[in-house]
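# Residue-level structure breakdown
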Amino acid sequence: MWVLYIFVSLLIFAGLLYFLGNYTFWLPFRSAKLPRIVMLHQVTPHSPPSGMNMPPEKFEQLLQYLSQKNSIFCFVSELDQYKSQKNVVALSFDDGFLDNYHYAYPLLKKYKAKATIYLATQITEIEKLNPEQIQEMAQSGWIEFGAHTQHHVNLLKLSDEEAYAEMQASKQDVEKLVGVCSSFAYPFGRFNEMHQAMAKEIGFKNAVSTRKKIEAYTPDNQYNLPRVSTHGAMNPLQMRIALAKGRYKL
């Protein structure tokens, strides 16, 4: 009988660990005065929900929830202007997937939500936005475009000279398309203090990382901004936890 008790206890313990790992409500409280920079990539019904893809219906649920909270949507480059505001949200999309135009963009306009799209301007591995779509989105006033290197490279695997060239050239590419490029996103979230200094020297106003946290916007993290982790299969409770804590799971 004691073997059964041990087995049941272990099952309960394993279940508790699973629950706590997938619902991080126990993480420290993050004030509504701290901005939420939400990290996204694809929005398409043609791929399964994943860490890379949030299907349109789930993305609309996210926008509905944020709108119901009277969120203030801003571009990542505008975060310094909203330090005294509550419920500030900066939606950000990495890479420049074509589906951002077909599925995310109409919903952003519907909910009057601004977003920043970081373009890997010379990437070849994805179906990406074309210049006409980029210019249309930028002219709408709902989208700003940032840089994400030219070829979506891991900066840590490059020499300092190569890394600088990738970052600078991507900024120039975006500026040629839409006239301005104020923010940068580190591909794969891989970078060091040297790359932060490069981002500042090149003329970026700020830069986002893949750190899954919620923090105040300060000079100390201006070139290492954390973002809220998302997943296309999040349930409504996990979505709320992510926006409250920075991540919904470990």
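Everything below is about the structure shown above.
Below: a short report on this structure. (Residues numbered from 1 in each chain as written. Predicted model: local features only at pLDDT ≥ 70, side-chain atom pairs only at ≥ 80, totals over all residues. Heavy atoms only, no water.)

### Brief notes about the pattern of salt bridges
One pass over the full model with this rule turns up seven salt bridges. The residue Glu78 makes a salt bridge to Lys114 at a minimum N-O spacing of 3.2 Å. Highlighted residues: Glu78 in the loop between strand 2 (72–73) and strand 3 (88–95) and Lys114 in the loop between helix 3 (99–110) and strand 4 (115–119), separated in sequence by 36 residues. When its relative accessible area of 14% is taken as the criterion, Glu78 is described as buried. Residues Glu215 and Arg211 are paired through a salt bridge, measuring 3.0 Å at the closest nitrogen-oxygen approach. Shared partners join several salt bridges into a network, and the residues in it are Arg211, Lys213 and Glu215. (Salt bridge = Lys/Arg side-chain N within 4 Å of Asp/Glu carboxyl O. Helix = DSSP H or I, 4+ residues; strand = E, 2+ residues; numbered from the N terminus. Buried < 20%, exposed > 50% of the residue type's maximum accessible area, 1.4 Å probe, protein only.)

### What about the packing of aromatic side chains?
The final tally for this structure, using the stated rule, is five aromatic pairs. Ring centres of Phe184 and Tyr186 lie 5.3 Å apart, and the angle between their planes is 80°; this geometry places the pair in the edge-to-face category. Neither residue differs from the other here; Phe184 and Tyr186 are each classed as buried. Taken together, the ring pairs connect Phe184, Tyr186, Phe191 and Phe204 into an aromatic cluster. The lysine or arginine in question, Lys109, covers the ring of Tyr105, its NZ or CZ lying 4.2 Å from the ring centre. Here Lys114 stacks its cationic end above the ring of Phe75, 4.7 Å away from the centre of that ring. (Phe/Tyr/Trp six-rings, centres within 6.5 Å; stacked < 30°, edge-to-face > 60°. Lys NZ or Arg CZ within 6 Å of the ring centre and 35° of its normal.)

### Quick notes on helix 6 (residues 193–202)
Burial in helix 6 covers these residues: His195, Gln196, Met198, Ala199 and Ile202. The arc that holds every buried residue of helix 6, seen down its axis, measures 155°, which confines them to one face. What points out from helix 6, more than 90 degrees from its buried face, is the exposed set Glu193, Lys200 and Glu201. Where helix 6 is buried, its residues contact helix 5 (160–178). Structurally, the start of helix 6 carries an N-cap: the backbone nitrogen of Met194 is 3.0 Å from a side-chain oxygen of Asn192. Gly203 sits one or two positions beyond helix 6 and adopts a positive phi of about 115°. (Arc of directions from axis to C-beta. Contact = heavy atoms within 4.5 Å. Polar contact = N/O pair within 3.5 Å; in protein donor to acceptor, adjacent residues only side chain to side chain.)

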